[in-house]
Amino acid sequence: MQAVREWLREASSIAVLTGAGVSAESGVPTFRGGAAGTPGLWKQYRAEELATPGAFARDPKLVWEWYDWRRSLIAEAKPNPGHYALAAAEARAAKFTLITQNVDGLHELAGSRNVLRLHGSIWMLRCLECQREREDRRTPLPEIPPRCECGGTLRPGVVWFGEALPSKVWQDAEKAAREADLFLLIGTSAVVYPAAGLAPIAKSSGARVVEINIAETGLSDGIDEFLQGKSGELLPQLMA
Ligand code: OAD
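Calculation rules
- Residues numbered from 1 in each chain as written.
- Predicted model: local features only at pLDDT ≥ 70, side-chain atom pairs only at ≥ 80, totals over all residues.
- Heavy atoms only, no water.
- Domains from an automatic or database assignment.
- Buried area = accessible area lost by both parts, 1.4 Å probe.
- Salt bridge = Lys/Arg side-chain N within 4 Å of Asp/Glu carboxyl O.
- Polar contact = N/O pair within 3.5 Å; in protein donor to acceptor, adjacent residues only side chain to side chain.
- Nonpolar A, V, L, I, M, F, W, Y, C, P; charged D, E, K, R; others polar.
- Pairing = 2+ DSSP bridges.
- Helix = DSSP H or I, 4+ residues; strand = E, 2+ residues; numbered from the N terminus.
- Axes fitted to C-alpha atoms, helices over the stretch in contact; angles between N-to-C directions.
- Contact = heavy atoms within 4.5 Å.
- Phe/Tyr/Trp six-rings, centres within 6.5 Å; stacked < 30°, edge-to-face > 60°.
- Core = buried A, V, L, I, M, F, W, Y, C linked by side-chain atoms within 4.5 Å.
- Buried < 20%, exposed > 50% of the residue type's maximum accessible area, 1.4 Å probe, protein only.

Details of the domain arrangement of the protein chain
Item 1. The assigned domain composition of the protein chain is domain 1 (1-28 + 78-119 + 165-240) and domain 2 (31-76 + 122-158).
Item 2. Spacing between the C-alpha centres of domain 1 and domain 2 amounts to 25 Å.
Item 3. Summed over both partners, the interface of domain 1 with domain 2 comes to about 940 Å²; 63% of that surface belongs to carbon and sulfur atoms.
Item 4. On the domain 1 side of the contact with domain 2, Val28, Val103 and Asp104 bury the most area, a combined 41% of that side's loss.
Item 5. One can count zero salt bridges joining domain 1 with domain 2.
Item 6. Connecting domain 1 to domain 2 are one residue pair in polar contact (both at pLDDT 80 or more).
Item 7. Tallied by class, residues from the side of domain 1 that touches domain 2 come to seven nonpolar, two polar and two charged.

Right under this line is the structure:
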């Protein structure tokens, strides 16, 4: 912990990748479990069975029910001390990029500014016909699946398995990882690519890599420091 504090002070360029674990203490369930009370499943489905274009084509109502449920939980959620500690760290750092896989918007609510949302936003809806995007924060949605004024079906404005990440966002994330001298990997199972590839990119470009998680992941070997615990507790201690 002391060494990592020192690295944070010394770093001139910090990049952070967060996953669902940072929002677990805000009451947002993770996808693959790991936190008390969050089984990582909705009904009997895994994220990989619902967050795909194929699943949406087969059963848009089912997929929307899952997103509507997540939206209602996220609407009630507030940033936790981990989110606030990252926003405070950004305010002090010369260069700080927060890359997140989360679609909940809690980093922005906590005051983080330079946020790259790799997987989109759960509050955005996009028409499958006219492609128009709009923000809609209503929970529950009055109609499922929701419809566009053009008559088309609206889908969640998030990235699904098998879809490309928004290219500019990904390029910026890769650049931040390459240029970082300190890379923090926080609350992610690090199994979903390309996001999970960012820590190895940072490492091979010379950054120190620190992981914060309640349990080890496939990336934990070969990094510089693994801090075991809840991000909502460890991050405020680190940034204090
Ligand atoms: P996961 O649900 O796969 O992993 C959550 C991670 O957070 C696990 O490694 C837990 O051990 C850890 N964790 C849980 N509570 C924690 C806490 N309080 N403090 C620190 N760590 C904690 O979530 P992601 O890695 O974000 O993508 O999942 C990646 C992507 O898979 C998501 O963005 C989503 C999902 O399917 C799409 O939908 C495309």
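Here's the deal with the sheet that holds strand β3 (residues 115-117)
Item 1. An order of β3-β2-β1-β7-β8-β9 is seen for the six strands of this open sheet, with the pairing classed as parallel. Two strands close off the open sheet at either side, each with one partner strand: β3 and β9 (225-228). Going from strand to strand, the sheet's axes swing by 15 degrees on average, the running direction of each strand aside.
Item 2. Pairing between strand β2 (residues 96-100) and β3: three bridges, direction parallel. Among the inter-strand pairings, threonine 100 is bridged to a residue of β3, identified as arginine 117.
Item 3. Packed on one face of the sheet, helix α6 (residues 81-92) meets β1 (14-18), β2 and β7 (182-186) and runs near 150 degrees to β2.

Notes on the packing of aromatic side chains
Item 1. Taken as a whole and judged by the stated rule, the model has four aromatic pairs.
Item 2. A centroid spacing of 6.4 Å and a plane angle of 70 degrees characterise the contact between phenylalanine 31 and tryptophan 66, whose relative ring orientation is edge-to-face. Note that phenylalanine 31 is positioned in the loop between α2 (21-24) and α3 (47-50) and tryptophan 66 in helix α5 (residues 60-76), a separation of 35 residues in sequence.
Item 3. Ring geometry for tryptophan 64 versus tyrosine 67: centroids 6.4 Å apart, planes at 70 degrees, classification edge-to-face.

A short note on the nonpolar core
Item 1. Membership of the largest hydrophobic core comes to 26 residues, with the highest contact counts inside it found for Leu17, Ile99, Leu118, Ala173, Phe183 and Leu198.
Item 2. Those elements that provide at least two residues to this core are β1, α8 (167-179), β7 and α9 (198-204).
Item 3. If one sorts the elements of this core by residue count, α8 sits on top with five residues.
Item 4. Ignoring sequence-local partners within four residues, the contact set of leucine 118 consists of Leu17, Ile99, Thr100, Val159, Leu165, Pro166, Val169, Trp170, Ala173, Ala195 and Leu198.
Item 5. With 25 residues, the next largest nonpolar core counts Leu62, Tyr67, Leu106 and Leu141 among its residues.

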